[in-house]
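# Results of the structural survey
Below, each chain spelled out in residue letters.
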Amino acid sequence: MKKQVIIAPSILSADFADLGNEVRAIDEGGCDWVHFDVMDGSFVPPITIGDNVCKAIRRHTEKPIDVHLMVNHPETQIEAFAKAGADIITVHQEACVHLERTLQFIRSLGKKAGVSLNPATPVSTIQHVLHCVDLVLLMSVNPGYGGQKYIHAVTDKIREARAMLDAAGSDAWLEVDGGVNAETIAEVAGAGADVFVAGSAVYGKPDYAAAIAELRAIAERA
Ligand code: DX5
Ligand code: ZN
């Protein structure tokens, strides 16, 4: 059965000096989730925002905050983000030595547990943790920056992940992040994704509501 399309604009492309209004604008513009990109200057070169900013935006939306931890040692951040009001906490497979333990820890705090894969990391690396995964996040760019081009080789990975989740009887969300826009979202949805992160394709447009509606309409048709 096809799952509901979820549009998750990434505030990475928002105006950080006006974040409360920027979050309210996508909320009122019809987004489903708020995607929150955390970067530590180590797992990826840039440094972005942390749990204190998550806590600050929590007052501006009741929609799920989808925290994407692009950090080394993510286990040191999880409790802080849980307290800051995150709903979904996603760690990178590449950053976790004890991935199963980390995912179980997220769940033990009453949060949804996500696992993310860089473009070069095979889907098979998460096969044996699916019992404690609520969300799989496939990167379709190398993480670190908004506004990059979708890597088309990832489309096959989306199909592979979809097949793996279905075979395991998992109802985890399949989220895709990077270069998702009106030109690429049909390909992403057609391959079996149900959650679509869009940074520049929402915040780079003058009318956020129209951008969200357009992405949703194309994904629903695919
Ligand atoms: C990239 C981040 C993405 C980013 C996507 O490392 O994880 O969430 O904001 O930006 P766009 O949609 O512009 O590719
Ligand atoms: Zn992200």
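First, a word on what this report is: a plain description of the structure on this page.

### Observations concerning the site of ligand 1
The local shell around ligand 1 holds 20 residues, among which D37, G144, D177, G199 and S200 are the closest. Residue H35 places a side-chain N or O atom 3.5 Å away from an oxygen atom belonging to ligand 1. A distance of 2.7 Å separates an oxygen atom of ligand 1 from a polar side-chain atom of D37. Relative to its free-state accessible area of 380 Å², ligand 1 is covered by the protein chains to the extent of 100%. Using a 2 Å cut-off from the grid points, one finds that ligand 1 occupies the largest pocket. Put simply, the parts of the chain that give the shell around ligand 1 at least two residues each are β2 (34–39), β3 (65–70) and β8 (195–198). Here the shell around ligand 1 gets 3 residues from one element, more than from any other, and that element is β2.

### Description of the environment of L174
Within the secondary structure layout, L174 lies in strand β7 (residues 173–177). Taking relative accessible area as the criterion, L174 reaches 0% and is therefore assigned buried. Along the chain, L174 and A25 lie 149 residues apart, while their C-alpha atoms are 25 Å from each other. Not counting residues within four places of it along the chain, the set of residues in contact with L174 comprises V136, L138, I158, A161, R162, L165, G192, A193, D194 and V195.

### Topic: the sheet that holds β2
Spatially, 8 strands are ordered β1-β8-β7-β6-β5-β4-β3-β2 in an open sheet, and the strand pairing comes out parallel. Taken across any chain shown, the strands that pair with only one partner, and hence form the sheet edges, are β1 (6–9) and β2. For this sheet, the mean angle separating the axes of adjacent strands, direction not counted, is 25°. Summarising the sheet, β7 and β8 pair through 2 bridges and their orientation is parallel. If you follow V176 over to β8, its bridge partner there is F196. Across the sheet, helix α4 (residues 99–108) touches β4 (88–92) and β5 (112–117), and the angle it forms with β5 is around 145°. On top of the sheet, helix α8 (residues 208–221) reaches β1 and β8; it is set at about 145° to β1, its chief contact.

### What about the packing of aromatic side chains?
By the definition in use, this model includes 3 aromatic pairs. Between W33 and W173 the ring centres are 4.8 Å apart and the planes differ by 90°, which places this aromatic pair in the edge-to-face class. Separated by 140 residues along the polypeptide, W33 in the loop between α1 (19–28) and β2 and W173 in strand β7 bring together distant segments of the chain. The exposure class assigned to W33 is buried, which follows from its relative accessible area of 5%. Taken together, a centroid distance of 4.9 Å and an interplanar angle of 70° make the contact between Y203 and Y208 edge-to-face. Just as Y203 is buried, Y208 falls in that class too.

How each quantity is defined
Numbering of residues starts from 1 in each chain and follows the order in which that chain's sequence is written. Chain letters start at A and ligand numbers start at 1, both assigned in the order the entries are written. With the structure being a predicted model, the display of local features is reserved for residues of pLDDT at least 70 and the display and counting of side-chain atom pairs for 80 or more, all residues being used for whole-chain, interface and lining totals. Values reported for side chains reflect all heavy atoms of the structure, with hydrogen atoms and water molecules removed beforehand. One heavy atom within 4 Å of a molecule or strand is enough for the residue carrying it to be called near that molecule or strand. Within 3.5 Å is the distance limit for a polar contact, defined as a pair of N or O atoms, with the added protein rule that one can donate a hydrogen and the other accept it, and that residues adjacent in sequence qualify only through two side-chain atoms. Working definition of accessibility: Shrake-Rupley area with a 1.4 Å probe, residue cover restricted to the visible protein chains. Computed over the protein atoms alone on a 1 Å grid, cavities are sets of points where a 1.4 Å probe fits but cannot get out and pockets are open sets with protein on both sides within 12 Å along at least five of seven lines; a residue lines them when it has an atom within 4 Å of a point. For a cavity or pocket, the test is whether more than half of a molecule's atoms lie within 2 Å of its grid points; if they do, the molecule sits there. Strands are runs of DSSP state E lasting at least 2 residues, helices are runs of H or I lasting at least 4, and numbering of each runs from the N terminus. Buried residues are those whose accessible area, probed at 1.4 Å on protein chains only, stays under 20% of the maximum for their type, while exposed residues exceed 50% and partly exposed ones sit between those limits. Contacts are assigned to residue pairs with any non-hydrogen atoms lying within 4.5 Å of each other. Any two strands are treated as partners once DSSP identifies two or more bridges connecting them. Fitted lines through C-alpha atoms give the axes, limited to the stretch in contact for helices. The angle between two N-to-C directions lies from 0 to 180 degrees. Side-chain rings of Phe, Tyr and Trp (the six-membered ring for Trp) are treated as a pair once their centres are within 6.5 Å; stacked means planes under 30 degrees apart, edge-to-face means over 60, and tilted covers the remaining angles.

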